[in-house]
Amino acid sequence: MIPAPFDYVRPASLDEACRVLGEAGDGDGDGEVKALAGGQSLLPLLRLRLAYPSVLVDLGRLEELRGVHDRGDHVFIGALTTHDEVLRSPVVREHAPLVALATATVADPAVRHRGTFGGSLAHADPAGDLPAVALALDCVLVTASGAGGREIPAAGFFTGYLETALEPGEVLTGVKVPKLGDGWGFHYEKFHRTAQAWAVVGVAAAVRIDAGAVAQARIGLTNMGPAPVRARAVETALRGVTPPAAGAGGGHDPVKDACAWADEGTSPPTDLHARPDYRRHLARVLTHRAVRAALP
Amino acid sequence: MPEVTVTVDGVAYEEEVEPRLLLVHLLRDRLGRTGTPIGCDTGNCGSCTVLLDGRSAKSCSVLAVQADGSDVVTVEGLASGGDLHPMQRAFHEEHALQCGYCTPGMIMAAIDLLRDDPDPSEEAVRRGLEGNLCRCTGYCTIVRAVRRGARAMSGGRDAGPGGEAGGEAAGGPAGGEAAGEPAGEGVAAP
Ligand SMILES: Cc1cc2nc3c(=O)[nH]c(=O)nc-3n(C[C@H](O)[C@H](O)[C@H](O)COP(=O)(O)OP(=O)(O)OC[C@H]3O[C@@H](n4cnc5c(N)ncnc54)[C@H](O)[C@@H]3O)c2cc1C
Ligand code: FES
Ligand code: FES
């Protein structure tokens, strides 16, 4: 379908973008002013006429929001950096491998050429792969607005189904991805039924081993509720556990026991792909797979 | 109304457009380039794939105003004179189409894939084309065509049917040696 009419503004600076978004930006619903990044989520919504913004503010030419920077204790990924640019970044590969692993599973090459890292987080789709990663890594989301700017921890950013802590007129400018240091291993395990599809359930895992036992684990779950969640019960249960040697068949596996807590405290949705009980099962199985694969 | 400047298949255009006009509608309805079809409303099917500033993009998921100042190559810009682009020829020779609806997008996605991987394995082709759906062929002939087109583009030697070359790691018959930027070759607008 052809989208409903809207006005289009292409600001030349971040200040101008914040001003335009702030001026008329009056919350949700029809007639709102919306930021446009890669358009890979927004344009399909417009074409299906599921969204009727009155003005689109195209952030696409704001070069200052693009790029990956090594900033000592963290990697800063500009909000407008495309998925493809994230995947090509040696800094991301070296210091934020979990971001790379998850981004590689997002959509398909053509969508990754245009869709952005920041757009994926601001869109906050419960089936999106990157919110769970941001949560697991305790990323900090950096914003700008007429009122200045904020740093919002991922744990406080995803507030509900397609909802975030962003205020009207507030632009996500980039994300601080903490470097975790030595001894960590990572994996993103995504279950989907066809190529290019969204996750039925996804699991982002970071695990640190010390003296043969799990010292720390961070697990983020995709599509196990209206917003991404940490599998805290698994993180706790894994602490101190000694993983069985690879190839040690049969027997009791304490890692698997710990991962059986994966669906604790979640409220998975029902849709045409899966019912909640099946998603709970998937969360347990996929968390085990993700943790095993993440073991450094 | 905003004015956009775009180069499409080597021809420069200046058009006044409504902000809601999609790039694919600009191409088809305004510029008459109907070689790029529309297959869905959700960005899933890939039939509308073009090269936007050299990288594949789904032209149904780009506003014409976003493409302002850009260079667009559609399937119609691939042949030079009467000669099909090697990838087009490979699709023809491998019977990689039935109804042909997906073909323009498949060919553009395939050409994009070869920029990074001039001699892709079967697995790499399947992964690289995951954003393009075909309801007819079952994909096997498409995969063969892409590998055949790749060899034709990189080595000039159009070695027999695709898929039989094996040994992708070792570089196909004419693969690994290709100098320069083989995948760019032939994509440039006439
Ligand atoms: C076929 C298809 C398959 C896909 N599959 C997956 C998948 O498997 N996994 C996955 O994670 N994603 C998937 N996606 C979505 C893709 O990752 C998008 O790139 C992403 O969701 C949105 O990024 P964008 O830059 O395109 O944002 P847009 O579509 O431009 O914007 C999305 C929303 O975020 C807001 N926004 C964007 N940037 C900012 C900013 N800087 N500040 C404030 N607000 C902002 C916009 O106002 C809008 O509400 C898929 C998309 C398609 C079309
Ligand atoms: S028409 Fe289906 S992806 Fe563009
Ligand atoms: S040939 Fe018919 S859709 Fe591919």
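An account of the accompanying structure is given in this report. As the structure is a computational prediction, the values presented were derived from the model and not from experiment.

**Section: the interface of chain B and chain A**
Here is step 1: Taken together, the contact pairs 29 residues of chain B with 33 residues of chain A.
Here is step 2: In total, chain B and chain A occlude about 2500 Å² of area from one another, counting both sides; carbon and sulfur atoms represent 52% of this.
Here is step 3: Taking the shortest distance from any N to any O, the salt bridge between A:R10 and B:D68 comes out at 3.4 Å.
Here is step 4: Counting the contacts that link chain B with chain A gives 14 residue pairs in polar contact (both at pLDDT 80 or more).
Here is step 5: Those elements that provide at least two residues to the side of chain B that touches chain A are β4 (55-58), α3 (103-116) and α4 (122-128) of chain B.

**A few points about the site of ligand 1**
Here is step 1: With respect to spatial proximity, 34 residues lie near ligand 1, and among them A:A35, A:G39, A:Q40, A:S41 and A:T116 are the closest.
Here is step 2: Around ligand 1, the nearby residues trace back to chains A and B.
Here is step 3: Backbone polar atom of A:G39 to an oxygen atom of ligand 1: 2.7 Å apart, as the coordinates give it.
Here is step 4: At a separation of 3.3 Å, an oxygen atom of ligand 1 approaches a polar backbone atom of A:A107.
Here is step 5: Relative to its free-state accessible area of 970 Å², ligand 1 is covered by the protein chains to the extent of 96%.
Here is step 6: Secondary structure elements with two or more residues in the shell around ligand 1: β2 (33-36), α7 (117-123) and β10 (171-178) of chain A.

**Comments concerning the packing of α3(B) against helix α5 (residues 140-155) of chain B**
Residue and element names in this part refer to chain B.
Here is step 1: Viewed as axis vectors pointing N to C, α3 and α5 meet at an angle of 50°, and their least axial separation amounts to 10 Å. Taken together, the axis directions place α3 and α5 in an arrangement best described as oblique. Handedness of the α3/α5 crossing: right-handed. Facing M106, A110, L113 and L114 of α3, the residues of α5 in contact are I142, V146, A150 and M153.
Here is step 2: Residues of the contact of α3 with α5, tallied by class, amount to eight nonpolar, no polar and no charged.

Rules used in this analysis
- Residues numbered from 1 in each chain as written.
- Chains lettered and ligands numbered in written order.
- Predicted model: local features only at pLDDT ≥ 70, side-chain atom pairs only at ≥ 80, totals over all residues.
- Heavy atoms only, no water.
- Contact = heavy atoms within 4.5 Å.
- Buried area = accessible area lost by both parts, 1.4 Å probe.
- Salt bridge = Lys/Arg side-chain N within 4 Å of Asp/Glu carboxyl O.
- Polar contact = N/O pair within 3.5 Å; in protein donor to acceptor, adjacent residues only side chain to side chain.
- Helix = DSSP H or I, 4+ residues; strand = E, 2+ residues; numbered from the N terminus.
- Near = heavy atom within 4 Å.
- Areas by Shrake-Rupley, 256 points an atom, 1.4 Å probe, with all protein chains shown as cover.
- Axes fitted to C-alpha atoms, helices over the stretch in contact; angles between N-to-C directions.
- Parallel < 35°, antiparallel > 145°, perpendicular 65-115°, else oblique.
- Left-handed = near helix turned anticlockwise from the far one by under 90°.
- Nonpolar A, V, L, I, M, F, W, Y, C, P; charged D, E, K, R; others polar.

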